[in-house]
Amino acid sequence: MGSKIDQDYDYLLKIVLIGDSGVGKSNILSRFTRNEFYLESKATIGVEFATRTLQVEGKTIKAQIWDTAGQERYRAITSAYYRGAVGALLVYDITKRPTFDNVQRWLRELRANADSNIVVLMAGNKSDLDHLRAVTAEDGQSLAEKEGLSFLETSALEAVNIEKAFQTILTEIYHIISKKALATQDPNGLPGKGTTINIGDSSANTTGCCSS
Ligand SMILES: Nc1nc2c(ncn2[C@@H]2O[C@H](COP(=O)(O)OP(=O)(O)O)[C@@H](O)[C@H]2O)c(=O)[nH]1
Ligand SMILES: [Mg+2]
């Protein structure tokens, strides 16, 4: 059903970008998918999502990364944004303490709207602005440990840890998928080539495949 022949990828994975306005979500996306950075980016200009295909443990993964169009400013992200997402990059700005304090609020939002198995990586962005730092790396690390999240400090400006952030989250998701496929005891093992993955635990379909 979800498997299509002749796809140029093994898995299509939806990742959502969340976090307060101005933390650098759109630039993380443009850095990762187009290797571009914008000193002045307008909240209203945003693509719905951008994709990039990469290799994870020998599999071709097409990451479909969703960005907000500034709705986070009004706390008006709809549940459709989270639907089908298997990963989230939760971003704060290391120079703005309130954006870090709001991480808990974003986690609540995720728990209310996203799949309970969603893989979350917390990114302390703008690490190039160390002289303006308001959140220590230790504070980031200990919150991540407390909440069971992966953690990295990133710089979209200097292209630091952007690749690593997506590689980390996609690898973690892939590990969950492969375990799930094993647990199904399906002789075919992993879902077919070109499968859209949903790690939802509510799905009766044990391979968790199929989106429209
Ligand atoms: N110094 C620095 N500025 C950044 C970085 N990432 C984003 N910015 C700037 O922060 C502002 C907000 O970025 P944007 O991507 O629009 O944030 P969003 O609202 O979360 O999507 C823009 O002026 C960016 O140029 C970074 O890694 N370092
Ligand atoms: Mg944005």
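Per an unreviewed UniProt entry, the chain is named RAB GTPase, and its organism is Artemisia annua. Reading the Subcellular location (unreviewed entry) entry of the UniProt record for the chain gives the comment "Cell membrane".

Asker: Even after reading the chapter, I still don't get the environment of Val120, so can you show me in this structure?
Answerer: Tracing the backbone through its elements, the reader meets Val120 in strand β5 (residues 119-125). The class for Val120 is buried, based on a relative accessible area of 8%. What Val120 contacts, discounting residues up to four positions off in sequence, is Ala88, Leu90, Leu107, Leu110, Leu149 and Ser150.

Asker: Would you mind going over the nonpolar core with me for this structure?
Answerer: Taken as a class, soluble globular proteins show a tendency for nonpolar side chains to be buried jointly. With 55 residues, the main nonpolar core has Tyr82, Leu110, Met122 and Leu170 as its most contacted residues. Of all the elements, helix α6 (residues 162-183) adds the most residues to this core, at eight residues. If sequence neighbours within four positions are ignored, Tyr82 has contacts with Lys14, Val16, Ile18, Ile77, Trp106, Glu109, Leu110, Asn113 and Ala114.

Asker: Please clarify how the environment of Val23 should be interpreted in this entry.
Answerer: Tracing the chain through its elements places Val23 in the loop between β1 (11-18) and α1 (25-34). On the basis of relative accessible area, Val23 is assigned to the buried category, the value being 0%. Each residue touching Val23, except ones within four places of it in the same chain, is listed here: Val91, Tyr92, Asp93, Thr99, Asn125 and Lys126.

Asker: Is there a simple way to think about unusual backbone geometry in this case?
Answerer: Glycine aside, negative phi is the norm for most residues, and most peptide bonds take the trans geometry. With a phi angle near 75 degrees, Lys126 is a residue other than glycine that sits in the positive phi range. Inspection of the secondary structure assignment puts Lys126 in the loop between β5 and α5 (137-147).

Asker: Which parts of the structure should I look at to understand the packing of aromatic side chains?
Answerer: For any pair of aromatic rings, the description rests on two quantities: the centre-to-centre distance and the angle between the ring planes. Under the criterion given, the structure shown has five aromatic pairs. An angle of 85 degrees between the planes, with centres 5.6 Å apart, marks the rings of Tyr81 and Tyr82 as edge-to-face. Taken as a pair, Tyr81 and Tyr82 share a single burial class, namely buried. It is Arg105 that lies over the ring of Trp106; its NZ or CZ is 4.8 Å from the centre.

Asker: Hey, could you run me through the packing of α1 against α6 in this one?
Answerer: The angle between the axes and the distance between the axes are what describe a pair of packed helices. Between α1 and α6, the least distance of the axes is 9 Å, while the angle of their chain directions is 85 degrees. As judged from the angle between their axes, α1 and α6 are roughly perpendicular. On α6, the residues that touch Ile28, Arg31 and Phe32 of α1 are Ile162, Glu163 and Phe166.

Criteria and thresholds
- Residues numbered from 1 in each chain as written.
- Chains lettered and ligands numbered in written order.
- Predicted model: local features only at pLDDT ≥ 70, side-chain atom pairs only at ≥ 80, totals over all residues.
- Heavy atoms only, no water.
- UniProt positions renumbered as here; feature names shortened; annotations may be inferred.
- Helix = DSSP H or I, 4+ residues; strand = E, 2+ residues; numbered from the N terminus.
- Buried < 20%, exposed > 50% of the residue type's maximum accessible area, 1.4 Å probe, protein only.
- Contact = heavy atoms within 4.5 Å.
- Core = buried A, V, L, I, M, F, W, Y, C linked by side-chain atoms within 4.5 Å.
- Phe/Tyr/Trp six-rings, centres within 6.5 Å; stacked < 30°, edge-to-face > 60°.
- Lys NZ or Arg CZ within 6 Å of the ring centre and 35° of its normal.
- Axes fitted to C-alpha atoms, helices over the stretch in contact; angles between N-to-C directions.
- Parallel < 35°, antiparallel > 145°, perpendicular 65-115°, else oblique.

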